[in-house]
Amino acid sequence: MTRFSALSLLKNALSGHKNWPEQWPEAQPKKSYDVIIIGAGGHGLGAAYYLAKEHGITNVAVIEKGWLGGGNTGRNTTIIRSNYLYDESARLYDHAVDLWDGLSQELNYNVMFSQRGVMMLAHNVHDVQSSQRHIHSNRLNGVDNQWLTPEEAKEFCPPLNISPNARYPVLGAALQKRAGTARHDAVAWGYARAASKLGVDIIQNCPVTSIRRGANGAVEGVETAKGFIGAKKIAVSAAGNTSVVMESAGVRLPLESYPLQALVSEPVKPVFPCVVMSNTVHAYISQSDKGELVIGSGTDQYTSYSQRGGLPLIEHTVAAICEIFPMFNRMRMLRKWGGIVDVTPDRSAILGKTPVPGLYVNCGWGTGGFKATPGAAHVLAWTVAKDEPHPINAPFTLERFRTGRLIDEAAAAAVAH
């Protein structure tokens, strides 16, 4: 792999995070691979890394239509947590948190994982009851979570307004101390470097137009902008594009795509110690290592592939943040963006085999994709290598929508992030 000089890395850092991946050494596609992974985000690159490291499968290509990490991996708001309600979700996300904990050491690349804690506010009686149900469920699954009084919540996060006269009074909060944040695009870069070192090809600027199947129905390879590339197995992990790619192989998925908006403020000195979320007002906030306040919203109320989203929703979110944290009223917005999230009927992922031999899928994460990155990548690699699901992702099959055995995290996911 090409090595970058200290001067070139400094220039890339000063010119913005987007430029460095565009200069990643281009791999020339071979005629055939053992495994092709469509989508060079955190999930796809992570799966390639684990295929090479843990299963000895190195003849792997990760194919990306743009630059690596340029999709949802570079557009999320960096939150990591595992305090989901249902057993299946708790196991999957806690597996991810376990991997997050040592990921920088594993990859020899600083992904800036910070276990600063995620606090979820309760503003009414329903919130209190729901939060405490979450806490009890989490503890039964060995997931850390605790209840805070309003005073304890303010002690943990001093900018919080706990006045009883507030528009959104704080009646308490659920706190997962092991949760936190990481740098979104650094995760993709770390996996990319580690996978490349093990022999994985990363092919950028190469849109996949269709998946080709043979006479026996099994996959044969993919048609791309750079020609046909053969493969014995294909895994699709391309948020926002999965349905289109899978349909070319004759597989229809129960997915809808929505814009998910977020924004950051101008940078200020450290003032916000944790992540705070509010399901009632669909807003959450943290502070990045660069000093920006990272503010996110719920999904838009309509399906779209727009990477901007509608203005009224983000206005509501900012107004709510200013009510809960009055000290931020005069902060200025630096930039706003939107990502595309694919959601299933039960708001849980589809992760595993498909009816097509040799074809696997990892999609439908909704707003939970980033926090699941290492866990989802790890079990996807297992599934592809062994052609059978890992025990953790076995419940997340496409078949569950036929049998009705759903994992309904629609409301249980808090603000759905």
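Conventions adopted
Residues numbered from 1 in each chain as written. Predicted model: local features only at pLDDT ≥ 70, side-chain atom pairs only at ≥ 80, totals over all residues. Heavy atoms only, no water. Helix = DSSP H or I, 4+ residues; strand = E, 2+ residues; numbered from the N terminus. Rg over C-alpha atoms; globule rule 2.2 N^0.38 Å. Contact = heavy atoms within 4.5 Å. Polar contact = N/O pair within 3.5 Å; in protein donor to acceptor, adjacent residues only side chain to side chain. 1 Å grid on protein atoms, 1.4 Å probe; cavity = no way out; pocket = protein on both sides within 12 Å on 5 of 7 lines; lining within 4 Å. Points joined across faces, edges and corners; volume = space filled by probe spheres on them. Nonpolar A, V, L, I, M, F, W, Y, C, P; charged D, E, K, R; others polar. Buried < 20%, exposed > 50% of the residue type's maximum accessible area, 1.4 Å probe, protein only. pLDDT = per-residue confidence, 0-100. Pairing = 2+ DSSP bridges. Core = buried A, V, L, I, M, F, W, Y, C linked by side-chain atoms within 4.5 Å. Axes fitted to C-alpha atoms, helices over the stretch in contact; angles between N-to-C directions. Salt bridge = Lys/Arg side-chain N within 4 Å of Asp/Glu carboxyl O.

Asker: Sorry if this is basic, but what is going on with the overall build of the protein chain here?
Answerer: Broken down by element type, the protein chain carries 12 helices and 18 strands. The C-alpha radius of gyration of the protein chain comes to 21 Å, within 12% of the 22 Å expected for a compact globule of 417 residues. In terms of its C-alpha atoms, the protein chain occupies a principal-axis envelope of roughly 70 × 55 × 40 Å. For the protein chain, long-range pairs separated by at least 24 residues make up 75% of all intrachain contacts whose partners lie at least 6 apart in sequence.

Asker: Mind showing me how you'd approach the side chain of Asn393 here?
Answerer: Within the secondary structure, Asn393 is located in the loop between α11 (373-386) and α12 (400-403). From its side chain, Asn393 meets the backbone oxygen of Leu351 in a polar contact 3.0 Å long. Only 3.2 Å separates the side chain of Asn393 from the side chain of Thr383, close enough to count as a polar contact. Not counting the four nearest positions on each side in its chain, Asn393 is found in contact with Leu351, Gly352, Val379 and Thr383.

Asker: Would you mind going over empty space enclosed by the protein with me for this structure?
Answerer: In this approach a probe as big as a water molecule rolls over the atoms, and the regions it shows empty are the leftover space. Within the structure shown, the criterion is met by one cavity of 30 Å³ or more. The space that makes up the largest cavity amounts to roughly 30 Å³. Around the largest cavity, the lining residues are Leu121, Val276, Ser278, Val281, Ala283, Tyr284, Ile285, Ile321, Ile324 and Phe325. Elements supplying a minimum of two residues to the lining of the largest cavity: β13 (275-278), β14 (283-287) and α10 (311-324). At three residues, the largest contribution of residues to the lining of the largest cavity is made by β14. Grouping the amino acids of the lining of the largest cavity by side-chain chemistry returns nine nonpolar, one polar and no charged.

Asker: Any chance you could explain unusual backbone geometry here in plain terms?
Answerer: Excluding glycine, residues mostly have negative phi values, and the peptide bonds linking residues are mostly trans. Positive phi is not limited to glycine here, since Thr78 has a value of about 70 degrees. Within the fold, Thr78 resides in the loop between β2 (60-63) and β3 (79-80). A residue is classified by how much of its surface remains accessible, and Thr78, at 14% relative accessible area, is buried. Here the phi dihedral of Asn205 falls at roughly 50 degrees; this positive angle occurs in a residue that is not glycine. Relative to the assigned elements, Asn205 resides in the loop between β8 (201-203) and β9 (208-213).

Asker: Would you explain the confidence of the model for the protein chain in this entry?
Answerer: Detailed conclusions should not be drawn from predicted coordinates in areas where pLDDT is low. Residues of the protein chain with pLDDT of at least 70 account for 91%, and the chain-wide mean is 90. Within the model, pLDDT remains below 50 along residues 1-22, and this stretch shows 21 contacts once partners closer than five positions in the same chain are excluded.

Asker: What's the story with the pairing of β9 in this structure? I'm lost.
Answerer: Taken residue by residue, a regular strand's side chains alternate between the two faces of the sheet. Here β9 runs beside strand β10 (residues 219-224); their pairing, made up of five bridges, is antiparallel. Note on β10: the bridge partner recorded for Ser210 is Glu223. Between β9 and β10, which pair antiparallel one after the other, the connecting turn spans five residues, and Gly217 there sits at a positive phi close to 90 degrees.

Asker: Please clarify how the side chain of Thr224 should be interpreted in this entry.
Answerer: Within the secondary structure, Thr224 is located in strand β10. Within the local environment of Thr224, its side chain forms a polar contact with the backbone nitrogen of Lys226, the two atoms lying 2.9 Å apart. There is a polar contact of 2.7 Å between the side chain of Thr224 and the backbone oxygen of Gly227.

Asker: Honestly, the nonpolar core in this entry has me stumped. Any pointers?
Answerer: Grouped burial of nonpolar side chains is what soluble globular proteins tend to show. In terms of nonpolar packing, the biggest core is built from 53 residues, with Ile37, Leu45 and Trp100 touching the most fellow members. Elements with a contribution of two residues or more to this core: β1 (32-38), α3 (42-55), β2, α4 (87-101), α5 (103-107), α8 (184-197) and α11. It is α8 that provides the largest number of residues to this core, a total of eight residues. Non-local contacts of Ile37, meaning those with residues more than four positions away in its chain, are made with Gly44, Ala47, Ala48, Leu51, Val60, Ala61, Val62, Ile63 and Ala235. Ile38, Val251, Leu255 and Cys363 belong to the second largest nonpolar core, which has 29 residues in total.

Asker: I tried to follow the sheet that holds strand β5 (residues 146-148) on my own but got confused; where do I start?
Answerer: Strand pairing in a sheet relies on backbone hydrogen bonds, with the paired strands running either antiparallel or parallel. The strand order across the open sheet formed by eight strands is β5-β6-β4-β13-β14-β15-β12-β16, and the pairing between neighbours is mixed. On the outer flanks of this sheet lie β5 and β16 (333-343), each paired with one strand and no other. In this sheet, neighbouring strand axes are inclined to one another by 20 degrees on average, regardless of whether the strands run parallel or antiparallel. Of the strand pairs in this sheet, β13 and β14 are connected by three bridges, and their pairing is antiparallel. Pairing of Ser278 across the sheet is with Ala283, part of β14. Sheet strands in contact with helix α6 (residues 125-140) are β4 (118-122), β5 and β6 (172-176), and its direction is about 150 degrees off that of β5.

Asker: It is not clear to me how the pattern of salt bridges should be interpreted in this structure. Could you clarify?
Answerer: Side-chain pairing between opposite charges can occur once the charged atoms of the two side chains come close. Within the structure shown, the criterion is met by 13 salt bridges. The shortest N-O distance in the salt bridge between Arg183 and Asp185 comes to 2.7 Å. Judged by its relative accessible area of 1%, Asp185 is buried. Between Arg400 and Asp346 there is a salt bridge; the shortest N-O distance is 2.9 Å. Of this pair, Arg400 sits in helix α12 while Asp346 is found in the loop between β16 and β17 (350-353), placing the two residues 54 residues apart along the sequence. A single salt-bridge network, built from bridges that share partners, covers Asp94, Asp98, Asp144 and Arg178.

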